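The primary structure of each chain is shown beneath.
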Amino acid sequence: MNALNFAFSILNLYYVYFKKLKNILFDHHITEIEFDTFGKFNKSIDNLPDHIRVLILSKKFNKPINKLPAQLEHLELEDRYNHPLDNLPLNLKFLRTANSFDHPLDFLPFGLEKLFVGRDFSYPLLNLSQSLKILSIDSDIKPSYLDNLPDSIEELEFKYKNH
């Protein structure tokens with residue numbers, strides 16, 4: 001049995017080991033990846049395999065994302081990510097933007113159910129899907145930017161704290 005044939009589905013990749021571990025990403029048992037929770041990972045992720053369903057990116061990650069896995073359902077961008085998100089997969093159901101993220105969210109997938117926008121977000125939320133159930137806003141967004149929220153929203157949360 002190959003030592004790289006893992007029987008688990010969650011993989012936490014740390015920057016130091018990324019080059020050594022990247023070949024195992026193509027193992028179909030691995031469906032969830034958390035890149036470096038200690039905040040050092042900042043490499044391109046454009047070549048991840050399509051079977052990845054959950055992706056959590058580190059606090060320092062701030063590389064443009066041109067391609068995400070086709071089967072991705074859950075995406076979390078932490079702290080510093082601040083590039084447009086125009087190529088989100090159609091299967092995406094959960095999106096958490098980074099605190100530094102400040103770009104329009106004009107191309108959200110139709111099936112998105114949960115959206116969490118970070119502290120620096122300052123754009124109107126337009127064309128939100130009727131499948132959106134949870135919207136959490138951690139920014140000082142203008143009330144007029146929320147005029148066209150879908151009727152499907154069951155939970156609306158404002159977390160902004162002016163310190």
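If you're wondering where the values come from, they're calculated on a predicted model, not measured in any experiment.

Quick notes on the overall build of the protein
For the protein, the count of helices and strands is one helix and eight strands. Reading the protein from its N end, one meets helices and strands in the order β-α-β-β-β-β-β-β-β. Scored against the burial criterion, the 163 residues of the protein give a buried share of 43%. Carbon and sulfur atoms form 50% of the exposed surface of the protein, whose accessible area is close to 9300 Å².

Considering the environment of Arg96
Here Arg96 lies in strand E5 (residues 94-96). A C-alpha to C-alpha distance of 8.2 Å links Arg96 and Lys114, two positions 18 residues apart in sequence. Discounting residues that sit within four places of it in the chain, Arg96 has contacts with Leu75, Glu76, Leu77 and Phe116.

Digging into the pattern of salt bridges
For the coordinates displayed, the defined rule picks out four salt bridges. Here Glu73 makes a salt bridge to Arg53, at a shortest N to O gap of 3.3 Å. With a gap of 20 residues between them, Glu73 in the loop between strand E3 (54-57) and strand E4 (74-77) and Arg53 in the loop between strand E2 (32-35) and E3 connect regions that are remote in the sequence. Of the charged contacts, one joins Arg119 and Asp120 as a salt bridge, the two residues approaching to 3.3 Å between their closest N and O atoms.

Topic: unusual backbone geometry
Of all residues except glycine, most have a negative phi; of all peptide bonds, most are trans. Despite not being glycine, Asp79 shows a phi value in the positive range, around 45°. If you trace the backbone, Asp79 turns up in the loop between E4 and E5. A relative accessible area of 32% means that Asp79 is categorised as partly exposed.

Re the side chain of Ser136
Positionally, Ser136 belongs in strand E7 (residues 134-137). Owing to a relative accessible area of 2%, Ser136 belongs among the buried residues under this scheme. Those residues within four positions of Ser136 in sequence are excluded, and the remaining contacts are Leu115, Phe116, Val117, Glu157 and Lys159.

Considering the packing of aromatic side chains
According to the stated counting rule, one finds five aromatic pairs in the structure shown. Between Phe61 and Tyr81, the aromatic rings sit 5.9 Å apart at their centres with planes inclined by 5°, giving stacked as the arrangement. Of this pair, Phe61 sits in the loop between E3 and E4 while Tyr81 is found in the loop between E4 and E5, placing the two residues 20 residues apart along the sequence. Pair check on accessibility: Phe61 and Tyr81 agree, each one buried. Three or more aromatic residues joined by ring pairs make a cluster, and in this case those are Phe41, Phe61 and Tyr81. Above the face of the Phe116 ring, Arg96 is positioned so that its terminal group lies 4.4 Å from the ring centre.

What about the environment of Leu72?
If you trace the backbone, Leu72 turns up in the loop between E3 and E4. Residues Leu72 and Lys93, 21 residues apart in the sequence, show an inter-C-alpha distance of 8.5 Å. Here Leu72 is in contact with Ile52, Arg53, Val54, Leu55, Pro89, Asn91 and Leu92, once residues within four sequence places are set aside.

Concerning the confidence of the model for the protein
For the protein, per-residue confidence averages 81 on the pLDDT scale, and 78% of positions sit at 70 or higher. Confidence, read as mean pLDDT per element, is least for strand E1 (residues 10-13) in the protein (48) and greatest for E5 (97). Note on residues 1-10: pLDDT under 50 across the span, and 14 contacts to partners over four residues away in sequence or across chains. Here residues 13-17 is a poorly scored stretch, pLDDT under 50, and it has 14 contacts once near neighbours within four places are set aside; other chains count.

Rules of the game
Residues numbered from 1 in each chain as written. Predicted model: local features only at pLDDT ≥ 70, side-chain atom pairs only at ≥ 80, totals over all residues. Heavy atoms only, no water. Helix = DSSP H or I, 4+ residues; strand = E, 2+ residues; numbered from the N terminus. Buried < 20%, exposed > 50% of the residue type's maximum accessible area, 1.4 Å probe, protein only. Areas by Shrake-Rupley, 256 points an atom, 1.4 Å probe, with all protein chains shown as cover. Contact = heavy atoms within 4.5 Å. Salt bridge = Lys/Arg side-chain N within 4 Å of Asp/Glu carboxyl O. Phe/Tyr/Trp six-rings, centres within 6.5 Å; stacked < 30°, edge-to-face > 60°. Lys NZ or Arg CZ within 6 Å of the ring centre and 35° of its normal. pLDDT = per-residue confidence, 0-100.

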